Amino acid sequence: MAILDLLIQYWPLFLQGFETTLILAATGFLLGVAIGLPTSILETYASKIVRWVAIAYVELIRGTPMLVQLFIIYYALPQLGIRFDAMTAAILGLGINSGAYQAEYFRGAMQSVQSGQMDAAISIGMTRAQALLNVILAQSLRLVIPAWTNEAVYLVQYSSVVYLIAVVELTGIGAIIGSRTFQYVAVYSIIALIYLATTLFIVKSSHSIERRTSIPGLKSSQEQRV
Amino acid sequence: MKGVSLKIDKGETKVIIGPSGGGKSTLLRCINLLIRPDSGQIFLDGEEITGEHVKLSEVRTEIGFVFQHFNLFMHLNALQNVKLGLTKVKKMSERSAEARALAALQDVGITGDLVNHYPAQLSGGQQQRVGIARALAMEPKVILLDEPTSALDPELIGEVLRVMEHLAESGATMLAVTHEIGFARKVADEIIFMADGVVTESGHPEELFLKPKQSRTKKFLGSITELYGVSREDEN
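Because the structure is predicted, anything quoted here is derived from the model rather than measured.

### Concerning the interface of chain B and chain A
Interfaces are often described in size by the accessible area the parts lose on coming together.
1) Next: In this complex, chain B contributes 24 residues to the contact, which on the side of chain A involves 21 residues.
2) Next: Between chain B and chain A the total buried area reaches about 1900 Å² when both faces are included, carbon and sulfur atoms providing 65% of it.
3) Next: For chain B, the biggest contributors to the area lost against chain A are F73, M74 and H75 of chain B; these three give 29% of the whole.
4) Next: R29 of chain B serves as the salt-bridge partner of D119 of chain A, at 2.6 Å between the closest nitrogen and oxygen.

Okay, here's the thing in structure tokens:
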């Protein structure tokens, strides 16, 4: 009954860690959308120089480990006079990292919208911005849902690396409780189960969103898989 | 394209024919400025639309375009497809846009529950008729049709051609690229033959189909009539 005893004694700590993980993942994800979506539009439609800047950002972030990025934000920037508390640094790191990956997901989705859709929108007199909003994004946001699901799951799980810049989220709580009780098996079993349940919840919700937003007559990614 | 010059008067229907790769689609896409021509001028109703200060989106509302592959907005149903330009571009109210869209759809025979169908739930012929309605609803000064029937199954071509004929008879100004010789003979005021980026020959349908002057035109018409099983001699 080690697990039950642990839960009874330490549930407020587990809950607190879980809460921090959710905050990190959610804010990181939203910041990632806020960065990734405009970046993907610039990558696809902007003039050459701007496009280069967008591509450079994506490649720089994807080409370096997230941990290094977190260390730069938390340890290196203060030496240059830019200081963040650990939680802010963690959210920034996750968001900037996720933004680069999300930019690629969005770009892929936008490119898989047939080019005729843009032609059609423009030919009825829409500006490119109107066409982008009403036609291209309306379709590509539906296409990006499966990749988005991956990204959300990834953020929930890999937000645990912020443990290394002293943010105590679910994994960090595990280390603390483990070192107090020495019941590592029980502690990490509980933590693994919490991650698993969260992931399953995200996957299920995303399936239901995908179903509800699917375009009648077109197969969704789930139907295609079957 | 070199030295292409053509003129369409209000209410006229002109048909461009010719081998693929001859610049027919490019010409149409230049006219509604989907492609900016490198040089040359295009006038619409006396106004030059190829000028520096022309607002492209405004010009394009005056020029309807019907695509070979329909290009209906996949995420919108038939009614919404026609309505989108009316609400977003013409800034019409939801209600009057809906009324006009339904009228345009009725003109092309899309009625009843069909207006709520999404493109993927419609046949090719139905999709193309919605495509025509989408262009018509904007009340353009001229309608460009880029091989509107060549992506359709044979049994669906008729319904689209009938809509186009009706359109021509009701006084619309149309420029169509098509291989439908029957349609061209019936409604075109002029046939324009294009090959290798130049207009090699043009004239009244009877003239051009029955007595083509250029060897290039003869060869093309020969291969087309062979395909459709009627030779020019039979019709003489």
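### Let's talk about helix α4 (residues 86–112) of chain A
1) Next: Its 27 residues give α4 of chain A an end-to-end C-alpha distance of 39 Å, which sits within 8% of 39 Å, the value for a rise of 1.5 Å per residue.
2) Next: For α4 of chain A, the side-chain oxygen to backbone nitrogen distance between the N-cap and M87 of chain A is 3.1 Å, and the N-cap itself is D85 of chain A.

### Remarks on the environment of A99 of chain B
1) Next: Here A99 of chain B is to be found in helix α4 (residues 94–107).
2) Next: Using a relative accessible area of 49% as the deciding quantity, one classes A99 of chain B as partly exposed.

### Some thoughts on helix α9 (residues 184–213) of chain A
1) Next: Spanning 30 residues, α9 of chain A covers 43 Å between terminal C-alpha atoms, matching the ideal 44 Å at 1.5 Å per step.
2) Next: Residues of α9 of chain A that are buried include every one of A186, V187, I190, I191, Y195, T198, T199, I202, S206, H207 and E210 of chain A, and no others.

### Examining the side chain of E104 of chain A
Residues and elements named next belong to chain A.
1) Next: Secondary-structure assignment places E104 in helix α4.
2) Next: For E104, a relative accessible area of 14% gives the class buried.
3) Next: Apart from residues lying up to four places away in sequence, E104 is in contact with E43, V58 and R62.

### Section: the nonpolar core
1) Next: In terms of nonpolar packing, the biggest core is built from 122 residues, with I17, I132 and M174 of chain B touching the most fellow members.
2) Next: Contact partners of I17 of chain B, with chain neighbours within four places excluded, come to K24, T178, I191, I192, F193, M194, L208, F209, F220 and L221 of chain B.

### Concerning unusual backbone geometry
1) Next: Phi angles above zero are rare outside glycine, and A166 of chain A is one such case at about 70°.
2) Next: With respect to the secondary-structure elements, A166 of chain A resides in the loop between α7 (145–158) and α8 (170–181).
3) Next: A residue is classified by how much of its surface remains accessible, and A166 of chain A, at 55% relative accessible area, is exposed.
4) Next: One non-glycine residue with positive phi stands out, namely N71 of chain B, at about 50°.
5) Next: Relative to the helices and strands, N71 of chain B is located in the loop between β4 (63–66) and α3 (78–88).

### Considering the sheet that holds strand β7 (residues 190–195) of chain B
All names here are of chain B.
1) Next: The mixed open sheet is built from 6 strands, whose spatial order is β4-β5-β6-β1-β7-β8. Strands with a single pairing partner mark the edges of an open sheet, and in this sheet they are β4 and β8 (198–203). If you compare each strand with its neighbour and ignore which way they point, the axes differ by 20° on average.
2) Next: Across 4 bridges, the pairing between strand β1 (residues 13–17) and strand β6 (residues 174–177) is parallel. Pairing of I16 across the sheet is with V177, part of β6.
3) Next: Contacting β4 and β5 (142–146), helix α5 (residues 124–137) runs over the sheet at an angle of about 170° to β4.
4) Next: The sheet contacts of helix α6 (residues 154–169) involve β1, β5 and β6, and relative to β6 the element is tilted by about 150°.

The rules behind each value
Residues numbered from 1 in each chain as written. Chains lettered and ligands numbered in written order. Predicted model: local features only at pLDDT ≥ 70, side-chain atom pairs only at ≥ 80, totals over all residues. Heavy atoms only, no water. Contact = heavy atoms within 4.5 Å. Buried area = accessible area lost by both parts, 1.4 Å probe. Salt bridge = Lys/Arg side-chain N within 4 Å of Asp/Glu carboxyl O. Helix = DSSP H or I, 4+ residues; strand = E, 2+ residues; numbered from the N terminus. Expected span 1.5 Å × (residues − 1). Polar contact = N/O pair within 3.5 Å; in protein donor to acceptor, adjacent residues only side chain to side chain. Buried < 20%, exposed > 50% of the residue type's maximum accessible area, 1.4 Å probe, protein only. Core = buried A, V, L, I, M, F, W, Y, C linked by side-chain atoms within 4.5 Å. Pairing = 2+ DSSP bridges. Axes fitted to C-alpha atoms, helices over the stretch in contact; angles between N-to-C directions.

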